[in-house]
Every structure is written in structure tokens, then in C-alpha cells.
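# Topology and contacts: notes
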There are 2 protein chains.
Amino acid sequence: MRDGEIVLGPGKAMLLEFIRETGSIAAAGRKMGMSYKRAWQLVETMNRVFREPLVESSRGGADHGGARLTKAGETALSHYSSLMRVSSDVGADDLDAIARMLA
Amino acid sequence: MRDGEIVLGPGKAMLLEFIRETGSIAAAGRKMGMSYKRAWQLVETMNRVFREPLVESSRGGADHGGARLTKAGETALSHYSSLMRVSSDVGADDLDAIARMLA
């Protein structure tokens, strides 16, 4: 991982969601305007820092280039989504208060 | 503001806290390893994007270079701190779950 990079943030979570949706790391990266290389790097990083890989991919074979989330990938993504949801719910009043103070 | 810069994030909030603590924009910036110029820029940005300035400063005079938070500054900082506190409380279980999945 790059220095200071976070284990699972908005970019990686979105990449996981798009991999689930498209069944392809390349296609998921494209949806985010990300190079194929960068998308692969992010997946490799996640697979390394988590005890079990979050993404399973097959290069070649019938579904060549296919990728899908593992059970660990689904679990990690679901905790991340839950974290975002509850944080924004609970912080809504404070966020609104700050927004109302803006020029 | 720079493109994509957020109105009030961890950096600006910490700067506000240090300004309150030190009574000086320069000293607050120094505590964050920030140039005098950058600290002033951040303060100017905050004072511009909020309807009322968050920081009041006097160049020259008896307390030359002194700075303090305005009432709006105290209010914004307090909403920001509250937001961080409740978000991390409520997200603790999901964060722990993700942390336990790491290698």
C-alpha cells in the first residue's frame, strides 16, 4: 500500500461494488475512470491486507477476465456500507447545522 | 477554495482548535507543521465560505498577531466535533469488524 493509504475507503468500496455489478475488474475500473493497472493494484492491495482475499478473479478460462467478490469481500463491503449509512444518519443534524452557517 | 476542498474537515478543525488554544494563527499553523501562509489561507477560506467569519484576528495593536474564534467559529467547531464523536461511536462495531478481518 502507498503510505497513508487506508485499508478500505470510498474508492476501494466503490471498486468492490462495481466488480460485483460488472463481474470484471477492468470494467469496474473503467466506470471509475481508473486505468486497468490501477484497478488491479487496488484489488491486489485489498487481497493482501485482508486475511482472506476480497476479490476472486480468473484470467483465461471460459469467463476469462471474470471477477467476483468472495464471501469476505461481501462481508467487508457490507460493514463499510453500514458504517457510512449510520455515520451519515447520526451526523445529519450537525452537518445540517454547519451547512446552514455557510454563506 | 481549491477544487474539491471540503468546507470544514479534520485539518481546518484542528487549526481552529489550535487557534483557540494558542491565540495565534501562526502558532496554530506551526503546531501542525504548516507554513504561516498556508494557515492564513485556510483561515481566509473559512471566513469566506461561512456567512460569519470563524476567526477574528488583529494585526498590530497591543496583542499584535492575536487571533481568536468568533461565536460562529465556536459553534461550527462544536458541531464538527460532535459529528466526529457520534460518527465514531456509532461506527465502532463496523470498524472493529473490518479490523478483525485484516491480515
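Residues numbered from 1 in each chain as written. Chains lettered and ligands numbered in written order. Predicted model: local features only at pLDDT ≥ 70, side-chain atom pairs only at ≥ 80, totals over all residues. Heavy atoms only, no water.

## As for helix α3 (residues 36-49) of chain A
All names here are of chain A. This is how the line gets drawn: The helix and strand labels rest on DSSP assignments: H or I over at least four residues marks a helix, E over at least two residues marks a strand, and numbering proceeds from the N terminus. To estimate how far a helix should extend, the number of its residues minus one is multiplied by 1.5 Å. Think of it in three bands: residues with accessible area under 20% of the maximum for their type are buried, residues over 50% are exposed, and the middle band is partly exposed, with areas taken using a 1.4 Å probe on protein chains only. Should any heavy atoms of two residues lie within 4.5 Å, those residues are counted as being in contact.
Between its first and last C-alpha atoms α3 spans 20 Å; for 14 residues at 1.5 Å apiece the expected length is 20 Å, and the two agree. For α3, the set of buried residues is Ala39, Trp40, Leu42, Val43, Thr45, Met46 and Val49. On its buried side, α3 packs onto α1 (10-22), α2 (25-31) and β1 (55-58).

## Structural notes on the relation of the copies chain B and chain A
The line we're drawing: What sets the superposition is a least-squares fit of C-alpha atoms, and only residues with pLDDT of at least 70 in both copies go into it.
Take chain B, turn it by 180°, move it 0.0 Å along the axis, and it overlays chain A with an RMSD of 0.1 Å. Expressed as an axis order, the relation between the two copies is that of a two-fold axis. Closest approach to the rotation axis among the C-alpha atoms of chain B is made by Ser87 of chain B, whose C-alpha sits 2.3 Å away.

## As for α1 of chain A
The α-helix winds at 3.6 residues per turn, so residues separated by three or four positions along the chain end up facing the same way. All names here are of chain A. With 13 residues, α1 should cover 18 Å at 1.5 Å per step; its first-to-last C-alpha distance of 18 Å lies within 8% of that length. Lys12, Ala13, Leu15, Leu16, Phe18 and Ile19 are the residues of α1 that are buried. Those residues of α1 that are buried are in contact with α2, α3, β1, β2 (66-69) and α4 (71-100). Just downstream of α1 lies Gly23, where phi reads positive at about 70°.

## Digging into the confidence of the model for chain A
Do not read the fine detail of predicted coordinates wherever pLDDT is low. Residue and element names in this part refer to chain A. Rule in force here: Each residue gets a pLDDT score, which is the predictor's confidence in that residue and runs from 0 to 100.
Summing up the model confidence of chain A, the mean pLDDT is 87 and the portion of residues at 70 or higher is 89%. Mean pLDDT per element in chain A: α4 is the minimum at 87, and β2 is the maximum at 95. At the level of chain-chain contacts, confidence expressed as ipTM amounts to 0.72, with global pTM at 0.55.

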